[in-house]
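What the coordinates show
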Amino acid sequence: MTIQLSTSALGIALALALAAPAAAEEKLLIGSTSASSSQYGYFVAVGQIVNANVPDVTSTVVETGATLDNLRRMERNQVDFGLITTNVLHHAVNGTAEFDGEAKQFPLLWVYSPAPQNVVVRQDSGITDMAGMTGKRINPGIRGSATESTTEQVLAAIGVEPEYVRGSTTDVVDLIKDNRLSGYVKSGAGVRPDASTLDIATFTPISILGLTEEQRKIIETDLTDLSVVDIPENPDNGIPAYSTWSFALGVASRPELDEETAYQIVKAVMEDETAQSGALAELKGVNLADVTLKYGTTPLHPGAARWFTENGYEIPDALKPVAP
């Protein structure tokens, strides 16, 4: 039996087909850091990579207080993935330090750079070593950041007690320029000073303080989630060689970020050859997969792990995804 549709019925069917909604586009928020930081520009580049290469996904970068703030926002479903530091993420996953007894799952997507912590002071502050910061007005890092919490942890361990002053990077830079603050602690851009540090240096001479051998040994013995790194001389900015503590910068997500989306994001980031190094020059020629496997200390997102496996990388036990 043949069924014939009337012209009006065909018209209704066609109208319904045309009116059917396209696949919903997923909107993701990326937690970053202060807009005055070099790292903010990196996450703008990540957002551009995601928007250009991940199907049915649009992302927006959100200015935040960096690592701790990002983790709290992920927990409240206010951002989907973003900046973390390997040491604070390790504490979160293992329920230690700030997360004492309350382990959280924030799967790692990738690690992109070591982050030496620079203790920057005005040369006219009279501070010539770490111990000299006791009683001085110092900003330990932007509120909610890994730099802030780690600075307080390190300085307490080595017996240094500044008068801590809180504020955003922009506010702190202005306070230092105006001589209302002696200095601050800021993640470097690789082995070079951060953009905000260079901004200060254009207005007033600065010094970057290094660790003594005794202070170095305390950190290496008591603060095992950190590394001590040796920074070479920077003649362009008149900064001699020094030693300081360091962690690594990476990207983690909410555990609810679905596997396929995480896979596509990691794939796009790993295949990018220009956007990330355009934002952070020290990433030029860097193999992010190698950096992730070297500095990562917590489980990868299943989508990220799939990319690593498909591309022939052996995932260390510590980075293997947690079974749901």
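This text follows the structure it describes.
Residues numbered from 1 in each chain as written. Predicted model: local features only at pLDDT ≥ 70, side-chain atom pairs only at ≥ 80, totals over all residues. Heavy atoms only, no water.

1. Notes on the side chain of Thr 151
Mapping Thr 151 onto the fold places it in helix 5 (residues 146–157). Among the polar contacts made by the side chain of Thr 151, one reaches the main-chain carbonyl oxygen of Pro 140 at a distance of 3.0 Å. Looking at Thr 151, its side chain comes within polar contact range of the main-chain oxygen of Thr 147, at 2.7 Å. Once residues lying within four places of it in the same chain are set aside, the contact partners of Thr 151 are Pro 140, Tyr 164, Val 185 and Trp 245. (Helix = DSSP H or I, 4+ residues; strand = E, 2+ residues; numbered from the N terminus. Polar contact = N/O pair within 3.5 Å; in protein donor to acceptor, adjacent residues only side chain to side chain. Contact = heavy atoms within 4.5 Å.)

2. Topic: the side chain of Asn 234
Position of Asn 234 relative to the elements: it lies in the loop between strand 9 (227–231) and strand 10 (242–253). Its relative accessible area of 6% is what places Asn 234 among the buried residues. Apart from residues lying up to four places away in sequence, Asn 234 is in contact with Arg 192, Pro 193 and Ile 239. (Buried < 20%, exposed > 50% of the residue type's maximum accessible area, 1.4 Å probe, protein only.)

3. Thoughts on the nonpolar core
Core analysis: the largest hydrophobic core is formed by 75 residues, its most contacted members being Trp 110, Tyr 112 and Trp 245. No other element matches the eight residues that strand 4 (residues 108–122) contributes to this core. In terms of nonpolar packing, the next biggest core, distinct from the first, is built from 14 residues, Val 120, Val 165, Leu 175 and Ile 206 among them. (Core = buried A, V, L, I, M, F, W, Y, C linked by side-chain atoms within 4.5 Å.)

4. Quick word on the environment of Thr 261
Following the sequence through the fold, Thr 261 ends up in helix 9 (residues 259–271). Along the chain, Thr 261 and Glu 214 lie 47 residues apart, while their C-alpha atoms are 47 Å from each other. Those residues within four positions of Thr 261 in sequence are excluded, and the remaining contacts are Glu 26, Leu 28 and Val 57.

5. Examining the pairing of strand 1 (residues 26–31)
Here strand 1 runs beside strand 2 (residues 57–62); their pairing, made up of six bridges, is parallel. Residue pairing in the sheet places Leu 29 in a bridge with Thr 60 of strand 2. A crossover connection joins strand 1 to the parallel strand 2 through helix 2 (residues 38–53); in handedness this β-α-β unit is right-handed. When strand 1 meets strand 3 (residues 81–85), the two strands line up parallel, connected through two bridges. When the bridges of strand 3 are listed, Ile 30 appears paired with Phe 81. (Pairing = 2+ DSSP bridges. Right-handed = clockwise from strand over helix to strand, strands pointing away.)

6. Comments concerning the pattern of salt bridges
Overall, the coordinates contain 19 salt bridges when judged by the stated rule. A salt bridge links Lys 104 to Glu 102, with the shortest nitrogen-to-oxygen separation between them at 3.9 Å. Between Arg 306 and Glu 260 there is a salt bridge whose closest N-O contact spans 2.7 Å. Separated by 46 residues along the polypeptide, Arg 306 in helix 12 (residues 302–310) and Glu 260 in helix 9 bring together distant segments of the chain. Judged by relative accessible area, Glu 260 falls into the partly exposed class, the value being 39%. Via salt bridges that share partners, Glu 259, Glu 260, Arg 306 and Glu 310 belong to a single interconnected network. (Salt bridge = Lys/Arg side-chain N within 4 Å of Asp/Glu carboxyl O.)

7. Things to note about helix 3 (residues 67–75)
Within helix 3, the full set of buried residues consists of Thr 67, Leu 68, Asp 69, Asn 70, Leu 71 and Met 74. Contacts from the buried residues of helix 3 go to strand 1, strand 3, helix 4 (86–94), helix 5 and strand 10. One or two steps after helix 3, the chain reaches Asn 77, where phi turns positive at roughly 60 degrees.

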